[in-house]
Every structure is written in structure tokens, then in C-alpha cells.
Amino acid sequence: MDIPYTVEVRRDTGLTNGKIGIWLFLASEVMLFGALFASYILIRVGAPSWPRGDTFLDVPLATLNTIVLIASSVTMVMAWASLMRRRFGTFRIYMGGTILLGLVFLVVKYFEYSHHFHGGELPRTHNFLAIYFTLTGLHGLHVLGGMVVNAYFWGPGAKLWKTNPVWFTNRVEHSGLFWHFVDLVWIFLFPTLYLL
Amino acid sequence: MTSDHAATSMTSDHAVDIDKHVRVYITVFVALMALTIVTVAVSRYHLPVPIAVTVALIVATIKGSLVACYFMHLISEKKLIYAVLSLTVVFFIALIALPVLTVHDGFWIR
């Protein structure tokens, strides 16, 4: 049996099921990161003193990562736009670029983490590092998850383009919404952890 | 442009529409880069914490809104999506307000 309303919109919602599904999922993600941001505020206002992020963290590397992630959001939306223009080859280039930029983000994060670990700066060292590793670790897992989904649509999942291009375009848009959300979370994490 | 547009048709009219959108995406990208530079530059002035937090949050909110409105197409979405997100915003604010309310001597971060 086919999954209903993947291409045509439902009359009652005015949306495809995939679209409403991804937005409901993103709403739950807002609450997940919201809970961690609330924890950050609680720990920070309860501390007698709080270090500036740049005391422990590498701001130039994080700035580079911010640029990388924003660029990946652009390539992601361009991948979708390419499908809307029925240019599958261009889609592959932009989607490949998005995956590569995600990989660059994680490699930079790896260097940041290894620098901390080699310097004996661990989550148990103090509260600042504990909340830093928790927030950036969870965010990093989201980047990894987004890359896996995008790689699927770049590779084996792209077969759908031949049989049902509109459905494939919708699926890429939904994975793009998740990717942009991950970018949006970083936009708030970067100043919160590194610059304040 | 939403998937629902994609659902209805992918014609040459849409291609023209998408070209306009692509120009907007490039403009938003440039704006996001500029705002990132502003965020980092402001942090170098070592402003008092309450002012630094306010400025950083304002710039981050502008950047986040650009991503949500244009890359996530929220500027032209269906009412149901807005309803879901409005409810989310209410609960998110409540969640963030809880730790702030626990502070007896004001909400400024020390």
C-alpha cells in the first residue's frame, strides 16, 4: 500500500504528510535544545563567576565553522532549487557540496575536541566545559544525522527521481528543513558558548 | 516556494519563480556572512555582560529569522505550520523563563 499524501496535499491541512511531519519533529527538536539552553542559563546564573567562552575555546575555528555551516545551508537550498528546475546533475553537485561542508564542520570540531582532551579539559573539569560538550556534542550528532540522510538522497535514494520526481523533490525539501534547523541552532550556540 | 508548489507542478513558470528565489538565497547568504562578522567584531570590544548578551541575542535572532524565513520558506507557509510553531514558541519561552525566574536578584546574567 502506498504512503498517502506524499505528492498531493491533504484538503484538511493544505500540506503533504511529509511536510507536516517534519515540522512536528522540528518542534520537538526546539524543545530538546530549549531544555539544554535553559540548563545553560540555570548553571550560569547560579555560578559565582562564569568565564568568557574565548578563555577556553578557539573563536577563529568556531567562526570558520559558522561560515561553513551557513554555506552548507545555501548549497542545501540550491540543491532543492535545482530539482525544482529539473536539473538533476546540478542537484547532485549542490547536495555533494552540502555533505562535504558538513564533513568539514565535523573535522574542525574534531580538532577542537582533541585540543581540549589533550590539554586535560574534559566535561568533568568544570561546569562551563560540561555544558559546552553537551550542547556541541548533541549538535554534532545532528550534523552527522543530517549528513547520513543527505548522503542517502545523493546516492541510493536518488533512484526515486526517475519514477516520481515530485515526491523526491519534496523529500529533499524536508531533509533540507532539518539541515537548516541544525544551522539555526548553531547560529545561537556560537555566540552563547564562544563569545559571551 | 514550498513542496506544495512542487506538488502541483514543476513548469517553466516555476523555473522563473525559482530564479527569483535563488537571487534571494544569495542575498541572504551575504547578509548572514556580514552579521557573523558583526557578532565576532562586537565581542572583541568586551562590553559589559548584560549589553553583550543583548547585542549577541539580537544579531543571532536576526540571523535565525533570515534562515527560517528564506531557507526554510516560513515567509510563505501554510497556516497549520504557523499554528504548530506558535505553540512551540510559547512553550520554548516558558522553558527559557523558568531558570530566569529562579534568580532572586534580577535576571541579568552575572
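Just so it is clear, the structure is predicted and the values come from calculations on it, not from any experiment.

Draft legend 1. Representation of the overall build of chain A in the model. Of regular secondary structure, chain A possesses six helices and zero strands. Dimensions of chain A, computed from the C-alpha atoms along their principal axes, are close to 60 × 35 × 25 Å. Counting over 196 residues, chain A shows a buried share of 40%. Within chain A, residue pairs in contact and separated by at least 24 positions form 77% of the contacts whose partners lie at least 6 positions apart.

Draft legend 2. Highlighting the overall build of chain B. Helices and strands together make up the secondary structure of chain B, namely four helices and zero strands. Taken from N to C terminus, the helices and strands of chain B fall in the order α-α-α-α. Per-residue burial for chain B yields a buried fraction of 18% across its 110 residues.

Draft legend 3. Geometry of helix α4 (residues 127-154) of chain A. Residue and element names in this part refer to chain A. A rise of 1.5 Å per residue sets the reference length of α4, with its 28 residues, at 40 Å; its end C-alpha atoms lie 40 Å apart and thus fit the reference within 8%. Phe128, Ile131, Tyr132, Leu135, Thr136, Val143, Gly146, Met147, Asn150 and Phe153 are the residues of α4 that are buried. Elements that come into contact with the buried residues of α4 comprise α1 (17-46), α3 (88-118) and α6 (165-195).

Draft legend 4. Looking closely at the nonpolar core. In terms of nonpolar packing, the biggest core is built from 62 residues, with A:Val77, A:Ala79, A:Trp80, A:Phe181, A:Val182, A:Val185 and A:Trp186 touching the most fellow members. When contributions to this core are tallied by element, the ones reaching two or more residues are α1, α2 (59-84), α3, α4 and α6 of chain A together with α2 (12-43) and α3 (49-71) of chain B. By residue number, the principal contributor to this core is α6(A), which donates 15 residues. Not counting the four nearest positions on each side in its chain, A:Trp80 is found in contact with A:Thr169, A:Val172, A:Glu173 and A:Gly176.

Draft legend 5. The arrangement of the packing of α2(A) against α3(A) in detail. Residue and element names in this part refer to chain A. Running from amino to carboxyl end, α2 crosses α3 at an angle of 160 degrees, the nearest separation of the two axes being 8 Å. Overall, the two elements α2 and α3 adopt an arrangement that is roughly antiparallel. Between α2 and α3 lies a crossing of left-handed hand. Of the residues belonging to the contact of α2 with α3, the class tally is 16 nonpolar, eight polar and two charged.

Draft legend 6. Geometry of the interface of chain B and chain A. Counting residues at the interface gives 46 residues for chain B, matched by 49 residues for chain A. Among the elements of the structure, α1 (3-8), α2, α3 and α4 (79-101) of chain B are those that each provide at least two residues to the side of chain B that touches chain A. Counting residues per element, the side of chain B that touches chain A draws most heavily on α2(B), which supplies 13 residues.

Draft legend 7. Representation of α2(A). For α2(A), built from 26 residues, the straight-helix expectation of 38 Å at 1.5 Å per residue is met to within 8% by its first-to-last C-alpha distance of 38 Å. Directly beyond the C-terminal end of α2(A), a positive phi value near 60 degrees is found at A:Arg86.

Draft legend 8. Quick look at unusual backbone geometry. Here the phi dihedral of A:Tyr5 falls at roughly 55 degrees; this positive angle occurs in a residue that is not glycine. For A:Tyr5, the position within the fold is in the segment before α1. A residue is classified by how many C-beta atoms lie within 10 Å of it, and A:Tyr5, with 17 of them, is partly exposed. The phi dihedral of B:His73 falls on the positive side, at around 60 degrees, and the residue is not glycine. As for its position among the elements, B:His73 is in the loop between α3 and α4.

Quick notes on the rules
The numbers attached to residues start from 1 for each chain and follow its sequence in the written order. Chain letters start at A and ligand numbers start at 1, both assigned in the order the entries are written. Given that the model is predicted, a residue must reach a pLDDT of at least 70 before its local features are reported, and side-chain atom pairs must reach 80 or more before they are shown or counted; all residues, however, enter totals for whole chains, interfaces and linings. Secondary structure follows DSSP: runs of H or I at least 4 residues long count as helices, runs of E at least 2 residues long count as strands, and numbering of each begins at the N terminus. To sort residues by burial, count the other C-beta atoms lying within 10 Å of each one's C-beta; a count of 20 or more means buried, 12 or fewer means exposed, and anything in between means partly exposed. C-beta atoms are built from the backbone. Throughout, a pair of residues is in contact if the C-beta atoms placed from their backbones lie within 7 Å. One less than the residue count of a helix, multiplied by 1.5 Å, gives the span that helix is expected to have. Joining buried Ala, Val, Leu, Ile, Met, Phe, Trp, Tyr and Cys residues through C-beta atoms within 7 Å gives a set, and that set is a nonpolar core. Axis definition: a line fit to C-alpha positions, over the contact stretch in the case of helices; interaxial angles, taken between N-to-C directions, run 0 to 180 degrees. In these notes the angle categories are as follows: under 35 degrees is roughly parallel, over 145 is roughly antiparallel, 65 to 115 is roughly perpendicular, and the rest is oblique. Helix crossings fall into two classes, left-handed where the near helix is turned counterclockwise from the far one by less than a right angle and right-handed where it is turned clockwise. Only Asp, Glu, Lys and Arg are considered charged in this grouping, and only Ala, Val, Leu, Ile, Met, Phe, Trp, Tyr, Cys and Pro are considered nonpolar; every other residue, Gly among them, is considered polar.

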